[in-house]
Amino acid sequence: MSNTMTGAQALIHALESQGVDIVFGVPGGAILPAYDPLLDSPIRHVLARHEQGAGHMASGYAHATGRVGVMVATSGPGATNLITPLQDCYMDSIPVVAITGQVATHSIGNDAFQEAHTWGISMPATKHNYLVTDAADIPEVVNEAFHLASTGRPGPVLIDLPKDVLAATMNWHDPKEIKLPGYRPSVKGHPLQVKAAIDMILESEQPVLYTGGGVIRAGGAAELRAFAELADLPVVTTLMARGAMPDSHPLCLGMSGMHGSYTATTAIQRSDLLVTIGARFDDRVTGEVKSFAPDAKIIHVDVDPAEIGKVRKADVPIVGDAKAILGQLIEVMEKKLGGKRSPERTDWHEQIAEWQRDYPLKFDQDPEGPIQQQYVISELHRLTGGDAIVVAGVGQHQMWASQFWGFERPNTWINSGGLGTMGYAVPAAVGAKAGKPDEVVFAIDGDGCFQMTMQELITASVEGIPAKIAVMNNGSLGMVKQWQKLFYHERFSATDLTNHTPDYVKLAEAMGCVGIRAERPADVVPALEKALAINDKPVVVDFVCDPDAMVFPMVVAGGSNDDVIMSMTDLPDPAGPQPEDVI
Amino acid sequence: MNHVINVQVENKPGVLARVASMFAGRGFNIHSLAVGPTADPAMSRMTVVVDGPEMEQVIKQLYKLVHTVKVTELTPGQGIEREIMMVRVNAEADKRAEILEAAAIFKAKTVDVGLATLTFELAGDPGALADFLELMRPYGIVDLAKSGRVAISRDIKTNGKKGRLRSA
């Protein structure tokens, strides 16, 4: 076979060589040459209805499978529509590669039709990006892009390909060895630091393992559990780490922070040692930084050295891969213990158990009242036995899903954490279901989120990707409304969506999905059972929910984690934080 | 407080934009920036003078850029720093002699002579440049062009013992 091919053929060949089985995209003028050889490739192309949808699909796919997700778009508006998903993946360290068309090299800079300075626009939203000017570079660029996306701290990489480069002829060659003198991510942690960490853990009386998405990205859930058990450490799983430790495990305290459980937030607050693994002291976790875990020493394990010391100074910094370092911690701890049990911290465990007894996460479902979202989530968990991939948008429903879904394994919780991208759930669920067709993929979405990206349900039904969506229809932008209630004297500016327009059932049917509605608590279980029984079509269940429900516990933005608000009755006084103080 | 940071980067298209964009995005303040080739054609050196209390995050964020190979902060006294400037000052006939005398003390080169101005070139330690500028200010500075700072570390070689210079 001749090695002569077009740049476009080389691109598709390079993607095949990386083991890509599916790409999500929308074609257009500049990327057209790449779509032609795609017809002859085993790679499946899922035609999204909007490039942002394609991007979140790639992200959902990467979340669910752990493999690199691929999104494709044309130049100009196609590329700019990918910026939100790219930034989303950047914030949450999701490995994706974006392929964008670009106007021909001789037109670049001339304000050509559908031209945008994609390389410049995407630079701060990607881990790295490329503008390819010679088709002969394609094998190396694609190989490097996948390497960068999937190693070290994973993240998005964009490859911008001018139309003439895609059309040009080149001789295929296998990519040369990757030469990146400035990119050498650490894997193993420094042995002396690991030893220092173990000594500190053995001395501590009130330690907490504070874990982040890095544990899941590294595939370190099994090691996390083994280490927590060995060292007898209570584990907090932040929003991005839900599922890294089974919620049913006695050592697991769940999510901490702004809407975390009282126990998780307070255990961190009172700890004398935070064993931080793959977490980044996000403001939603810390609240006011200077009063965050004031007596805790910090061990900080992260693959990205820039995270260490960024927010909170580390006493023992360890740079490297979370899985590898957890392995090292286990090894050194076992050696130190020499078969003995780790020190008993009876008082600490009793204290934690007391908090759990006194301040559980709870909700009340009045059988005659409006549907509570927590009830829907709890019943869905019961009916599936928790055996599903849960995808969320951003807002109240997301917080309740994180609080009330008992996660038992990693990669089963997909949401937009860092960027907080409303509209994430529908396309991410489609991507997750495409990557994991044998799993139940259920999106728990808000009505505000749903209306941002719901057209991707057309993609789902046309492409035969039967994801399920629960629309938590409270007729408002619920979280924003909650803040207006708390901090803007109940002046509800622009948060009313109404819960009757659109008609979500008819809308679902129009998009080729099954539409179901639940208006009363008694409807919830039958609606969920019906949704779970349908496996050949996407399903949308419209749950008409309580419009006034609020998410608790809550720590006011910028407030101290010592002040966990458990309900409306212990709200801060009106002279407390003012709107201009909170983000 | 100003810090001098040398950044060795791969000589790739757009690398300056990446560094500048990172500084802007992270809210770091660039006081001056100079870029040029190094002895190795595959590498470029940027000398960045950064205004800020503490450089740990600046250095770590620079390292996060894929094309950054090495970052060094030159602590005061450890590096040799140079700038070049050209300054045009008002120089009426009655002031010319004293202006030229001051310039001579600073070893500033006269590079242009006009009917009512003199233009000097001065390269050297940034402190000396600032002093010369202050000296010229009363006469009236008409125009000023100043380079970014460039810096290189001192080649201090110890002979096994700390702090002892190897005899030449």
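Computed from a prediction, not measured in an experiment: that's the story for all the values here.

Cut-off values and rules
Numbering of residues starts from 1 in every chain and runs along the sequence as written. The naming scheme follows written order: chains are lettered A onward, ligands numbered 1 onward. This being a predicted model, a pLDDT of at least 70 is required before a residue's local features are given, and a value of 80 or more before pairs of side-chain atoms are given or counted; all residues contribute to the totals for chains, interfaces and linings. With hydrogens and water set aside, each side-chain value is computed from the structure's full complement of heavy atoms. For the purposes of this entry, the term helix denotes a DSSP run of H or I that reaches at least four residues, the term strand denotes a run of E that reaches at least two, and both are numbered from the N terminus. Radius of gyration means the value over C-alpha atoms here, while the globule rule gives 2.2 Å times the residue count to the 0.38 power. Only protein chains enter the accessibility calculation, which uses a 1.4 Å probe. A residue is then buried if its area is under 20% of the maximum for its type, exposed if over 50%, and partly exposed in between. The protein chains shown are the only cover counted for residues, whose accessible areas, like all others here, come from Shrake-Rupley with a 1.4 Å probe. Charge assignment in this entry is limited to Lys and Arg as positive and Asp and Glu as negative, and neither His nor the chain termini are counted. Think of each charge as sitting on NZ of Lys, CZ of Arg, CG of Asp or CD of Glu. Here the expected span of a helix is defined as 1.5 Å times the quantity of residues minus one. By the convention used here, strands pair only if DSSP detects at least 2 bridges between them. Here the axes come from fitting lines to C-alpha atoms, over the contacting stretch only for helices, and the angles between their N-to-C directions go from 0 to 180 degrees. Throughout, a contact is declared for two residues whenever any of their heavy atoms are within 4.5 Å. The definitions used throughout rest on a 1 Å grid laid over the protein atoms alone, on which a cavity is an enclosed set of points accommodating a 1.4 Å probe that cannot get out and a pocket is an open set flanked by protein within 12 Å on both sides along at least five of seven lines; lining residues are those having an atom within 4 Å of a point. Grid points are joined across faces, edges and corners, and a volume is the space filled by probe spheres set on the points. Under the grouping applied here, Gly and all other residues not named as nonpolar or charged are polar, the nonpolar ones being Ala, Val, Leu, Ile, Met, Phe, Trp, Tyr, Cys and Pro and the charged ones Asp, Glu, Lys and Arg. For the purposes of this description, domain bounds are those given by an automatic or database domain assignment. Accessible area, probed at 1.4 Å, shrinks when two parts are joined; the buried area is that loss added up over both. Note that the arc is defined by the directions from the helix axis to the C-beta atoms. Any Lys or Arg side-chain nitrogen found within 4 Å of a carboxyl oxygen on Asp or Glu counts as a salt bridge. Polar contacts here mean pairs of N or O atoms no more than 3.5 Å apart (in protein, one a potential hydrogen donor and the other a potential acceptor; neighbouring residues in sequence count only if both atoms are side-chain atoms). Here the term patch refers to residues with relative accessible area over 30% and no salt bridge, with like charges joined within 9 Å and nonpolar side chains (Val, Leu, Ile, Met, Phe, Trp, Tyr) within 5 Å. Between rings of Phe, Tyr and Trp, where Trp is taken as its six-membered ring, a pair exists when centres lie within 6.5 Å; planes separated by under 30 degrees are stacked, by over 60 edge-to-face, and by other angles tilted. Remark: a charge is flagged as sitting over a ring if the NZ atom of Lys or the CZ atom of Arg is within 6 Å of the ring centre and within 35 degrees of the ring normal.

Attention shifts here to the overall build of chain B. Secondary structure summary: chain B contains four helices and nine strands in total. Secondary structure elements in chain B, listed N-terminal to C-terminal, are β-α-β-β-α-β-β-α-β-β-α-β-β. Rg of the C-alpha trace for chain B: 20 Å, well past the compact-globule value of 15 Å for 168 residues, more than 25% over. Dimensions of chain B, computed from the C-alpha atoms along their principal axes, are close to 55 × 45 × 35 Å. For chain B, the residues scored as buried account for 38% of the 168 residues in total. Carbon and sulfur atoms form 55% of the exposed surface of chain B, whose accessible area is close to 9,600 Å². Averaged over its 22 positive side-chain charges, chain B has a centre that lies 10 Å from the centre of its 19 negative ones.

Once that is clear, we can look at helix α3 (residues 51-65) of chain A. Residues and elements named next belong to chain A. Across its 15 residues, α3 extends 21 Å between first and last C-alpha, which sits within 8% of the 21 Å expected from 1.5 Å per residue. Counting buried positions along α3 gives 15 out of 15 residues, so the element sits mostly inside the fold. Where α3 ends, the next residue or the one after it, G66, has phi of about 80°, a positive value.

With that settled, consider the sheet that holds strand β6 (residues 128-131) of chain A. Whenever strands of a sheet pair, they do so through backbone hydrogen bonds, lying parallel or antiparallel. All names here are of chain A. Read across the sheet, six strands follow the order β3-β2-β4-β5-β7-β6 without closing on themselves; strand pairing throughout is parallel. The open sheet has two free edges, formed respectively by β3 (44-47) and β6, since each of these has just one partner strand. Strand after strand, the sheet turns through a mean of 20° between neighbouring axes, direction not considered. Where β6 meets strand β7 (residues 156-162), four bridges bridge the pair, whose relative direction is parallel. Its bridge partner being in β7, L131 is matched across the sheet by D160. Packed on one face of the sheet, helix α7 (residues 138-150) meets β4 (69-73), β5 (96-102), β6 and β7 and runs near 160° to β7.

Let us look at the sheet that holds strand β17 (residues 441-446) of chain A. All names here are of chain A. Pairing within the open sheet is parallel, and its six strands lie in the order β16-β15-β17-β18-β20-β19. Across the chains shown, the open sheet's two edge strands, defined by having one partner strand only, are β16 (413-414) and β19 (514-518). With six bridges joining them, strand β18 (residues 468-473) and strand β20 (residues 539-544) adopt parallel strand pairing. Across the sheet, K468 pairs through a bridge with V539, a residue of β20.

Within this model, the second largest pocket holds a volume of roughly 1,100 Å³. Contributing elements (two or more residues each) for the lining of the second largest pocket: α5 (83-92) of chain A together with α1 (15-26) and α2 (56-64) of chain B. When grouped by side-chain class, the residues that make up the lining of the second largest pocket number 17 nonpolar, eleven polar and eleven charged.

Attention shifts here to the domain arrangement of chain B. Residues and elements named next belong to chain B. According to the domain assignment, chain B contains domain 1 (2-74) and domain 2 (80-151). Each of domain 1 and domain 2 has a C-alpha centre, and the two are 29 Å apart. The contact between domain 1 and domain 2 buries some 560 Å² in all, and 57% of this surface belongs to carbon and sulfur atoms. On the domain 1 side of the contact with domain 2, V4, A34 and T47 bury the most area, a combined 47% of that side's loss.

Attention shifts here to empty space enclosed by the protein. It is the rolling of a water-molecule-sized probe over the atoms that shows where space remains empty. Residue and element names in this part refer to chain A. Tallying each qualifying case throughout the model produces one cavity of 30 Å³ or more. In this model, the largest cavity occupies a volume close to 60 Å³. Along its surface, the largest cavity is lined by L11, I12, L15, V23, A34, Y35, L38, V72 and I99. Elements represented by at least two residues in the lining of the largest cavity include exactly α1 (7-17) and α2 (32-38). Partitioned by chemical class, the residues of the lining of the largest cavity number nine nonpolar, no polar and no charged.

Once that is clear, we can look at helix α20 (residues 456-463) of chain A. All names here are of chain A. All buried positions along α20 are accounted for by E456, L457, T459 and A460. Buried residues of α20, seen end-on, are gathered within an arc of 150° and therefore sit on one face of the element. Buried residues along α20 sit against β3, α3, α18 (425-435), α19 (447-453), β18 and β20. With its phi angle positive at about 70°, G464 sits one or two positions after the end of α20.

It is worth spelling out the interface of chain A and chain B at this point. Between chain A and chain B, the residue contacts involve 19 residues of the former and 18 residues of the latter. For the chain A and chain B pair, buried surface summed over both sides reaches about 1,400 Å², with 55% attributable to carbon and sulfur atoms. Across the chain A-chain B interface, the total number found is one salt bridge. D304 of chain A is the salt-bridge partner of K64 of chain B, the closest N and O atoms lying 2.7 Å from each other. In this structure, the connection of chain A to chain B is made through five residue pairs in polar contact (both at pLDDT 80 or more).

This next bit is on the domain arrangement of chain A. Residue and element names in this part refer to chain A. If you check the domain split of chain A, you get domain 1 (4-171), domain 2 (191-358) and domain 3 (373-544). Its C-alpha centre places domain 1 at a distance of 37 Å from the equivalent point of domain 2. On the side of domain 2, six residues touch domain 1, which itself brings nine residues to the contact. Carbon and sulfur atoms supply 54% of the area that domain 1 and domain 2 bury against each other, a total of about 620 Å² over both sides. Considering only the side of domain 1, the residues that lose the most area to domain 2 are H63, D92 and R153, jointly responsible for 63% of the buried surface there.

This paragraph deals with the pattern of salt bridges. Side chains that differ in charge, positive against negative, can pair when their charged atoms come close. Residue and element names in this part refer to chain B. Considering all chains together, one arrives at 30 salt bridges over all chains under this definition. We note a salt bridge from E83 to R149, for which the minimum N-O separation is 3.3 Å. In this pair, E83 is assigned in strand β5 (residues 79-90) and R149 in the loop between β8 (141-146) and β9 (150-153), connecting sequence segments 66 residues apart. We note that E83, like R149, is buried.

This paragraph deals with a negative patch on the surface. Residue and element names in this part refer to chain A. Residues E205, D347, E350, E354 and D358 make up a contiguous surface patch of negative charge. Here D347 shows up in helix α15 (residues 346-358). Classification of D347 as exposed rests on a relative accessible area of 64%.

Let us look at the packing of aromatic side chains. All names here are of chain A. Taken as a whole and judged by the stated rule, the model has 13 aromatic pairs over all chains. Consider the rings of W348 and W355, whose centres lie 6.0 Å apart with planes at 90°: the pair is edge-to-face. What makes W348 buried here is its relative accessible area of 3%. Exposure remark for W355: the relative accessible area of 9% places this residue in the buried category. An aromatic cluster is built from Y210, F281 and F292, whose rings are joined through pairwise contacts. Its guanidinium or amino end placed over the ring of F492, K481 lies 5.6 Å from that ring's centre, counting from NZ or CZ.

Let us look at the side chain of R345 of chain A. All names here are of chain A. Tracing the sequence through the fold places R345 in the loop between α14 (322-337) and α15. Buried within the structure, R345 lacks any salt-bridge partner; its nearest side chain of opposite charge belongs to D232, at an N-O separation of 4.8 Å. Here S204 takes part through its backbone oxygen, which lies 2.9 Å from a polar atom of the side chain of R345. Setting aside its immediate chain neighbours within four residues, R345 contacts I201, L202, S204, E205, P207, A231, D232 and L233.

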